[in-house]
Amino acid sequence: MTVNENLIVCSTPLHMLIAEKIINLYPNDLFDLLVVTDTLNKKYEFYIDRLANRCRNLVVFKMDSSSTFNYIKNFLDFKKRLKEIKLDYAKYFVVNITSRYVQYLISIKGGSGDLYTFDDGLANIYKYGSMHNEGKPSFVNNIIWNILGVKKYSKDIKKEIKLHYTIFDGIPNIIENVKYVSLLEDCGGNVSGGGEVRRIFLGQPLTDISVKNNNSFLFNILSNLKIDYYFRHPREKIEQENLRTSLIETNLIFEDYIVDVLKKEDNVLFEIYTFSSSAAVNVASLGRIKVFFIYSPIVHENAPFLYQEIEKMGFNIIYDI
């Protein structure tokens, strides 16, 4: 029997969690893992190690976009690192087709390999974002990237995708041909006679969008909502000395953490609060979970129709705090 050799590319712990589910669908295939990420910390390393145990080979590449010079130099380093990968696989599984790193990989991959994609998060179902609408860069940038070897952009790549794996059931995605994969085991069940309610705020690195999303702004919201626990995003920085809410310390990403608690404690109800985290959407269908989105003018400014799309999905949005 011929054994297929495949490449799967990830950037975040969520990608790696989805990748585990995809690998389960191909029990007779071999997988090599390429991690291209701008963050490396204990949580990232935990998921890299866990997924690497399911794969044959591992290559980790750290991105640097701190300046245009560093970005170009880093991209050239990436091209050199790809020499560690044979790039002649039966199947390629990639995420975030707007990434120049992914676009370069697809531009040079072996022509016979089938291309599969999977979700990056809410960006995949937000039809007004770059994942759905990004074309070629400006004329000058297109020349530069062409010289660097990027020949295909997201609109070109979509035509090559054989199948897209999604964790959002029944919601339009970047292509029509999709397959739903269940991300989490629903172990929530129901609680009879009430139960302990825990309010968790699900953090995001929103200072990347605007400095207005600072700790002072955030702490005021936590106080007004009487939040019990704060779950920090892997790329988020929090002034812990001024935080009056208990910080959850774990190597698990939010989806895995919630399932772990639901399995161990059968009398706990969770209220999850967030501005726009896809992790909240991912756990919303589990038993003993209620999700609340908080309207942020800054998020709205950067993604004008996001809250409208979230409401269409059936979620309530808190507009006044």
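1. Things to note about the packing of aromatic side chains
For step 1, the next point in the chain: On inspection of all chains with the given rule, the structure shows 28 aromatic pairs.
For step 2, the next point in the chain: Between Tyr-26 and Phe-93, the ring centres sit 5.5 Å apart and the planes meet at 65 degrees, which makes this aromatic pair edge-to-face. With Tyr-26 in the loop between helix H1 (13-24) and strand E2 (30-37) and Phe-93 in strand E4 (residues 91-95), this pair connects stretches of sequence that are 67 residues apart. For the residue pair Tyr-26 and Phe-93, the accessibility class agrees, reading buried in each case.
For step 3, the next point in the chain: Taken together, a centroid distance of 5.2 Å and an interplanar angle of 50 degrees make the contact between Tyr-295 and Tyr-307 tilted. Note that Tyr-295 is positioned in the loop between strand E12 (289-294) and helix H11 (297-302) and Tyr-307 in helix H12 (residues 306-312), a separation of 12 residues in sequence.
For step 4, the next point in the chain: A residue is classified by how much of its surface remains accessible, and Tyr-295, at 25% relative accessible area, is partly exposed.
For step 5, the next point in the chain: Among the aromatic residues, those joined into a ring-pair cluster are Phe-61, Tyr-71, Phe-75, Phe-78, Tyr-101, Tyr-104 and Trp-145.
For step 6, the next point in the chain: When the ring centre of Tyr-89 is taken as origin, the NZ or CZ atom of Lys-86, which lies over that ring, is 5.3 Å away.

2. Here we look at the sheet that holds strand E5 (residues 114-118)
For step 1, the next point in the chain: If you trace the 7 strands from one edge of the open sheet to the other, you get E3-E2-E1-E4-E5-E6-E7, paired in parallel fashion. Whereas interior strands pair on both sides, the edge strands pair on one side only; in this sheet they are strand E3 (57-62) and strand E7 (178-180). Geometrically, the sheet is characterised by an average inter-axis angle of 20 degrees between neighbouring strands, direction not taken into account.
For step 2, the next point in the chain: In terms of strand pairing, E4 meets E5 through 5 bridges, oriented parallel. Within the sheet, the bridge partner assigned to Val-95 lies in E5 and is Phe-118.
For step 3, the next point in the chain: Against the sheet, H1 makes contact with strand E1 (5-10), E2, E4, E5 and strand E6 (161-166), and its axis sits at roughly 160 degrees relative to E1, the strand it touches most.
For step 4, the next point in the chain: Packing of helix H3 (residues 68-81) onto the sheet brings it into contact with E2 and E3, and relative to E3 it is tilted by some 170 degrees.

3. Side note on the pairing of E4
For step 1, the next point in the chain: Counting buried positions along E4 yields 5 of 5 residues, so the element is predominantly enclosed.
For step 2, the next point in the chain: By the alternation rule, side chains of E4 split into Lys-91, Phe-93 and Val-95 and Tyr-92 and Val-94, which are all buried.

4. Some thoughts on the sheet that holds E12
For step 1, the next point in the chain: Overall, parallel pairing links the 6 strands, which are arranged E10-E9-E8-E11-E12-E13 in an open sheet. Among the strands making up the open sheet, the edge pair consists of strand E10 (246-247) and strand E13 (316-318).
For step 2, the next point in the chain: Bridge analysis of strand E8 (residues 196-202) against strand E11 (residues 268-274) gives 6 bridges, and the strand direction is parallel. Within the sheet, the bridge partner assigned to Glu-196 lies in E11 and is Val-268.
For step 3, the next point in the chain: Running over the sheet, helix H8 (residues 215-224) touches E8, strand E9 (229-231) and E12 and is turned about 165 degrees from E8.

5. Quick word on unusual backbone geometry
For step 1, the next point in the chain: Despite not being glycine, Asn-96 shows a phi value in the positive range, around 60 degrees.
For step 2, the next point in the chain: Take Asn-96: it is sitting in the loop between E4 and helix H4 (100-108).
For step 3, the next point in the chain: According to the relative accessible area criterion, Asn-96 is partly exposed, its value standing at 23%.
For step 4, the next point in the chain: For Lys-226, which is not a glycine, the phi torsion comes out positive at approximately 55 degrees.
For step 5, the next point in the chain: Topologically, Lys-226 is positioned in the loop between H8 and E9.
For step 6, the next point in the chain: Take Lys-226: its relative accessible area is 60%, and that puts it in the exposed class.

6. Remarks on the nonpolar core
For step 1, the next point in the chain: Residues Phe-201, Ile-258 and Ile-272 are the most contacted members of the largest nonpolar core, which totals 76 residues.
For step 2, the next point in the chain: If one sorts the elements of this core by residue count, H1 sits on top with 7 residues.
For step 3, the next point in the chain: Excluding its chain neighbours within four sequence positions, the residues that come into contact with Ile-258 are Ile-200, Phe-270, Ile-272, Leu-286 and Ile-289.
For step 4, the next point in the chain: Listed in part, the 31 residues of the second largest apolar core include Leu-34, Leu-87, Leu-148 and Ile-161.

Conventions we followed
Residues numbered from 1 in each chain as written. Predicted model: local features only at pLDDT ≥ 70, side-chain atom pairs only at ≥ 80, totals over all residues. Heavy atoms only, no water. Phe/Tyr/Trp six-rings, centres within 6.5 Å; stacked < 30°, edge-to-face > 60°. Helix = DSSP H or I, 4+ residues; strand = E, 2+ residues; numbered from the N terminus. Buried < 20%, exposed > 50% of the residue type's maximum accessible area, 1.4 Å probe, protein only. Lys NZ or Arg CZ within 6 Å of the ring centre and 35° of its normal. Pairing = 2+ DSSP bridges. Axes fitted to C-alpha atoms, helices over the stretch in contact; angles between N-to-C directions. Contact = heavy atoms within 4.5 Å. Core = buried A, V, L, I, M, F, W, Y, C linked by side-chain atoms within 4.5 Å.

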